[in-house]
Amino acid sequence: GINAEYGVRKRNIIHTMNSIVFFVIATLVSVAMSDPFKWSVCTSDAYPFSVSSVAMDPYPAVAGKNVTIHASGTGATSVSGGSWSMVVKLLGIPVQSYTGLTCSLAPTCPCPCPPGSYTISISIAVPSFSPPGSYTAETIVKDQTGQQLSCIDATFDISSSK
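Residues numbered from 1 in each chain as written. Predicted model: local features only at pLDDT ≥ 70, side-chain atom pairs only at ≥ 80, totals over all residues. Heavy atoms only, no water.

**Some remarks on the overall build of the chain**
(1) Moving on: Counting secondary structure elements, the chain contains one helix and nine strands.
(2) Moving on: Element order for the chain, N to C, with α for helix and β for strand: α-β-β-β-β-β-β-β-β-β.
(3) Moving on: Taking all 162 residues of the chain together, the buried fraction comes to 33%.
(4) Moving on: Long-range pairs, those at least 24 residues apart, make up 61% of the contacts in the chain with a sequence separation of at least 6.
(5) Moving on: For the chain, the accessible area works out to roughly 9900 Å², and carbon and sulfur atoms hold 62% of it. (Helix = DSSP H or I, 4+ residues; strand = E, 2+ residues; numbered from the N terminus. Buried < 20%, exposed > 50% of the residue type's maximum accessible area, 1.4 Å probe, protein only. Contact = heavy atoms within 4.5 Å. Areas by Shrake-Rupley, 256 points an atom, 1.4 Å probe, with all protein chains shown as cover.)

This is the structure we're talking about:
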């Protein structure tokens with residue numbers, strides 16, 4: 001009776017404690033071992049702005065802090081206007097979107113910006129409520145006529161605020 005009931009409770013407590021310890025260790029490992037920042041051009045199409053490198057600073061992004069994405073490349077056309085948009089997804093579900101003016105992307109080349117090599121930068125505030133994890137984003141840049149200048153897909157991590 002009492003000894004058997006005590007044994008069942010003891011096993012349940014030990015099982016629960018083991019589960020908690022496993023969850024804590026798994027969480028710490030997943031946060032400590034963040035995936036590298038990855039990027040690619042959205043399609044095999046040749047875009048007027050050919051991207052050669054993309055970086056995120058800081059990496060991983062931190063919830064509640066600003067992050068800047070830098071993309072270097074070569075533009076084949078003159079740009080005098082347009083807009084950019086970014087859709088961020090978690091587990092394939094859109095969770096945040098950002099937009100801005102194309103002419104604000106390259107501070108060293110205000111519009112009209114002639115063809116040439118440039119680094120464009122997008123600075124955004126990562127919402128403080130962003131859960132830690134692996135995210136994807138698609139960023140599309142268009143010119144004054146609505147023509148797509150470039151498209152970048154990225155996979156990145158967001159860590160919790162410290």
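Picking up where we left off.
**Looking at the layout of surface pockets**
Empty space among the atoms becomes visible once a probe the size of a water molecule is rolled across them.
(1) Moving on: Quantified by volume, the second largest pocket comes out at close to 180 Å³.
(2) Moving on: Forming the boundary of the second largest pocket are 18 residues, of which Gln96, Pro127, Ser130, Tyr135 and Ile158 lie nearest the centre.
(3) Moving on: Secondary structure elements with two or more residues in the lining of the second largest pocket: strand S4 (66–75), strand S5 (83–90), strand S6 (93–101) and strand S9 (148–159).
(4) Moving on: With three residues, the top contributor of residues to the lining of the second largest pocket is S6.
(5) Moving on: Here the lining of the second largest pocket is composed, by residue class, of 16 nonpolar, two polar and no charged. (1 Å grid on protein atoms, 1.4 Å probe; cavity = no way out; pocket = protein on both sides within 12 Å on 5 of 7 lines; lining within 4 Å. Points joined across faces, edges and corners; volume = space filled by probe spheres on them. Nonpolar A, V, L, I, M, F, W, Y, C, P; charged D, E, K, R; others polar.)

**A short note on the state of the cysteines**
(1) Moving on: Using the criterion set out here, one finds three disulfides in the structure.
(2) Moving on: Residue pairing for Cys103: its cysteine sulfur links by disulfide to Cys111, the two sulfurs lying 1.8 Å apart. For the disulfide bridge between Cys103 and Cys111, the dihedral angle about the S-S bond is near -100 degrees, and by the sign convention the bridge is left-handed.
(3) Moving on: A relative accessible area of 27% means that Cys103 is categorised as partly exposed.
(4) Moving on: The partly exposed category is assigned to Cys111, whose relative accessible area is 27%.
(5) Moving on: Between the sulfur atoms of Cys109 and its disulfide partner Cys113 the distance amounts to 2.0 Å. (Disulfide = S-S within 2.5 Å.)

**Overview of empty space enclosed by the protein**
(1) Moving on: Inspection of the entire model under this criterion finds two cavities of 30 Å³ or more.
(2) Moving on: Taken as a whole, the largest cavity spans an internal volume of roughly 220 Å³.
(3) Moving on: Along its surface, the largest cavity is lined by 20 residues, and Phe49, Val79, Cys113, Ile120 and Leu149 are the ones closest to its centre.
(4) Moving on: It is strand S7 (residues 116–125) that contributes the most residues to the lining of the largest cavity, three residues altogether.
(5) Moving on: In terms of residue class, the lining of the largest cavity is built from 16 nonpolar, four polar and no charged.
(6) Moving on: Of the pockets and cavities examined, the second largest cavity occupies roughly 180 Å³.
(7) Moving on: In terms of lining, the second largest cavity is formed by 17 residues, of which the most central are Val54, Ile69, Met86, Thr139 and Ile152.
(8) Moving on: When residues of the lining of the second largest cavity are traced back to their parent elements, those giving at least two are strand S2 (49–57), S4, S7, strand S8 (133–142) and S9.
(9) Moving on: Split by residue class, the lining of the second largest cavity holds 15 nonpolar, two polar and no charged.

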